[in-house]
Amino acid sequence: MYKCATPVRMPAREIHSGGDSSGRTRMLIKDKMMAPKDYKRILVTAALPYANGPVHIGHLAGCYLPADIYVRYQRAQKRDIKFVGGSDEHGVPITIRAMKEGITPQQVVDKYHALIKDSLAQMHISFDIYSRTSNKVHHDTASAFFKRLYDDGLFEEKETEQYYDEQAKTFLADRYIIGTCPVCGNPNAYGDQCERCGSSLSPEMLIEPHSALSDAVPVKKKTKHWYFPLQNYEPWLKEWIIEGHKEWKNNVYGQCKSWLDNGLQPRAMTRDSNWGIKVPLPDADGKVLYVWFDAPIGYISATKELTDQWDDYWCKDDTKLVHFIGKDNIVFHCIIFPAMLKAHGNFVLPDNVPANEFLNIEGDKVSTSRNWAVWVNDYLQDFPDQQDTLRYVLCANAPETKDNDFTWKDFQDRNNSELVNIFGNFVNRAFVLMHKLCNGKVPALHKDTLDEKDAAILNDIKESKTKVESLLEQYKFRDALFEVIDLARKGNKYMQEKEPWIVAKRLSENPKAQELIDNCLHICLQLTANLAVLINPFLPTTAKKMLHMMKVVDKILDWENAGKTNLLSVGYSLREPQLLFRKIEDAEISLQVEKLNKNKIVTEAEKQKEAGDGIGSTDQPIIKSTIQYDDFAKLDLKVGTITAAEKVAKADKLLKLEVDLGFEKRTIVSGIAQHFTAEEIVGKQVVIVANLAPRKMKGIESNGMILMAEDKAGKLHFVNPDKKIDEGSGVS
Ligand SMILES: [Zn+2]
């Protein structure tokens, strides 16, 4: 591995003192004004997507779009910046996908790497390089990184008992083991993490673990692995993050703090598998690097592929490293990877990790297994040449501070009311009126006839640059975009007040009329040019169209031009306007909503639950078809006590119950409100299906199902032990 001459230092913080000659935005950090470090170059990374499926709009909103906006803005600022990314091709989901599809892992990654790369390129995510972790340069880089830590004696070698699937004849890496989360009761928690509650888990913590490969109950078997002693870096991490990076976003800072407060544990950096980067040590057959060890090193490998000067970006202290990720990757990018970099030495550490929260779809969490997602490749097919509309909506509604919801209705509304009616309409009117009232040329500005309104809008143009720039530097992309649209809104209002089309009717009465018209349209056209500069990082295709209409070169999009009111020369003739955005019709939206619902994979549990909603109304055969004991054994029935009950608003059948299972409390929504009042059932013992997949009803997540018996009259009765017994007792 290349060794840099400059040792890594923690980014120094300087107290802001007076002027900011660099022109960079000052950031308000807590109560102190601090100047950003004087960086010479910026390296931006965006999370490596797993090459086991296409990307959906949640991925775009989470990291690719904000990263791209930031990079385009910095490029317009003429800063030295590189934007690297690539596919993560070693994840366990890839081997699972290969097994399911009956192909090799390599075939899986080849297919999805190509698809992801294409989708991102078509969405105009402007990577300088989009690489992949199956490349040789990455294997070499990650191996050398591991070897360096090994040679420095940093790993703890430990033989432990790990889960082994005797049917599939393989050790089960964390993700191969599925069981019930001890924290929230999610029956599909993975051996390393519960994706519902976000708890970090180990396979030992799972209740009733089983293999994701064969469904067999795994057995313990001895295996040797190399552990990275994360706990040794805890004091340093605390100083670096808790003290040194108070400006990080609250969600990021808070998650880091909670990890650090809970204490760090040694983490195995190798796994038993045949798919991945071989552990570069003798007697390590069948062992590969842990995917979260190798994946972030992929950023380094990709930079190496991109440029011979890669070490400038990774090893020089005056590089600003920014990781764009989704919230599920915070611990890896803020704690584990920095600790690895620190242990290795010679590398810069991230200056910021502006992670976003999740984007839900139509009120429900994105789930690739249930196919509840809007896939980018589908969007591109259904809305050709409308990348900017999606970029706009995802940014305007970005989950920057909390989970947000994408709905097709909102997509339509924002397109039609903000892009078409405000931005597009303003630009179009300015061009149409200029052709009609000013001979298709940029009219002159007559300083003597300028009034307060003219002065105000000219000032708005100048101010919007400062505002947008400041927000972009602070990774507040949603607010920055709002400012751009707000400038267009102000432009519309100004034009409406000035009414040049009315003034034009009084040309003979008012000797100053033409001057008034000229002033208005001169200003509107300069404002249009500013909109092009400001919108360019967000909607690059739109900016390009505007350049064409204004007959100006790309250079006008340089950020230094923002705020200037002389971007278009007087007398310069401009083209006819072209449509920037098109209206999206209701029919297109209902089609998308239909498609989403049609493609949704309804899980067995949901089907059961839906059938359960219709209790008493179905003609079922006396006995359903025969099942094997194994089928029955999959059900986890437990005894619990109802500790609270209340009616669910706007649902006459539903009661929301709190059920105490001894080891945890559950919220269960049950369709029994027409049979029982909330008061009469509190204290009752019930039998519940404890491992039923969660389901949302009227916005409440139901975690389990209460067993009820139904008599011939259609009346419901609880099924419960004949006398009170311990909560959590199993039923079989
Ligand atoms: Zn959980």
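Only a predicted model underlies this, so the values are computations on that prediction, with no experimental measurement involved.

(A) Broad picture of the side chain of Thr389. Along the chain, Thr389 turns up in helix α11 (residues 387–396). Discounting chain neighbours no more than four positions away, the residues touching Thr389 are Tyr379, Phe411, Asn415, Leu419 and Ile584.

(B) Molecular detail of the coordination of the zinc ion. The protein atoms donating to the zinc ion are Cys181 (SG), Cys184 (SG), Cys194 (SG) and Cys197 (SG), with metal-donor distances spanning 2.3 Å. Taken in sequence order, the residues that donate to the zinc ion follow the motif C-x2-C-x9-C-x2-C. Here Cys181, found in the loop between β9 (177–180) and β10 (189–190), pairs with Cys197, found in the loop between β10 and β11 (207–211); they are 16 residues apart in sequence, far enough to count as distant. Look at Cys181 and you get buried, because its relative accessible area is 1%.

(C) Structural context of the pairing of strand β20 (residues 637–647). Two strands pair when backbone bridges link them, and β20 and strand β23 (residues 685–689) are joined in this way by 5 bridges, in the antiparallel orientation. Note on β23: the bridge partner recorded for Lys638 is Ile688. Where β20 lies against strand β29 (residues 730–731), 2 bridges are found, and the strand directions are antiparallel. Note on β29: the bridge partner recorded for Leu637 is Val731. Of the strand pairs in this sheet, β20 and strand β21 (residues 655–660) are connected by 6 bridges, and their pairing is antiparallel. Residue pairing for β21: Ala644 is matched across the bridge by Glu658.

(D) Looking closely at helix α12 (residues 408–437). The largest bend along α12 measures about 40° and falls at Asn425. Positive backbone phi, at 60°, marks Asn439, one or two positions downstream of α12.

(E) How the structure looks around the confidence of the model for the chain. Looking at the chain as a whole, its pLDDT mean stands at 89, while 91% of the residues score no less than 70. Taken together, the stretch residues 607–621 has pLDDT below 50 and engages in 16 contacts with residues farther than four places along the chain or on a different chain.

(F) Expanded view of the packing of aromatic side chains. What the rule picks out here adds up to 31 aromatic pairs. A centroid spacing of 5.9 Å and a plane angle of 85° characterise the contact between Tyr379 and Phe411, whose relative ring orientation is edge-to-face. Here the residue Tyr379 occupies a position in helix α10 (residues 376–382), and Phe411 occupies one in helix α12, the gap between them amounting to 32 residues. Across this residue pair, the class does not change: Tyr379 and Phe411 are buried. Joined through ring pairs, the aromatic side chains of Phe145, Phe146, Phe155, Phe228, Tyr233, Phe293, Trp314 and Phe347 make up one cluster.

(G) Up close: the pattern of salt bridges. By the definition in use, this model includes 43 salt bridges. The partner of Glu418 in a salt bridge is Arg414, with the nearest N and O atoms 3.4 Å apart. Here Glu418 pairs with Arg414, and both are found in helix α12, just 4 residues apart, close to one helical turn. The class for Glu418 is buried, based on a relative accessible area of 17%.

About the thresholds
- Residues numbered from 1 in each chain as written.
- Predicted model: local features only at pLDDT ≥ 70, side-chain atom pairs only at ≥ 80, totals over all residues.
- Heavy atoms only, no water.
- Helix = DSSP H or I, 4+ residues; strand = E, 2+ residues; numbered from the N terminus.
- Contact = heavy atoms within 4.5 Å.
- Donors = N, O, S within 2.8 Å, 3.2 Å for Na, K, Ca; no water.
- Buried < 20%, exposed > 50% of the residue type's maximum accessible area, 1.4 Å probe, protein only.
- Pairing = 2+ DSSP bridges.
- Bend = angle between axes of the 7 residues up to and from the residue.
- pLDDT = per-residue confidence, 0-100.
- Phe/Tyr/Trp six-rings, centres within 6.5 Å; stacked < 30°, edge-to-face > 60°.
- Salt bridge = Lys/Arg side-chain N within 4 Å of Asp/Glu carboxyl O.

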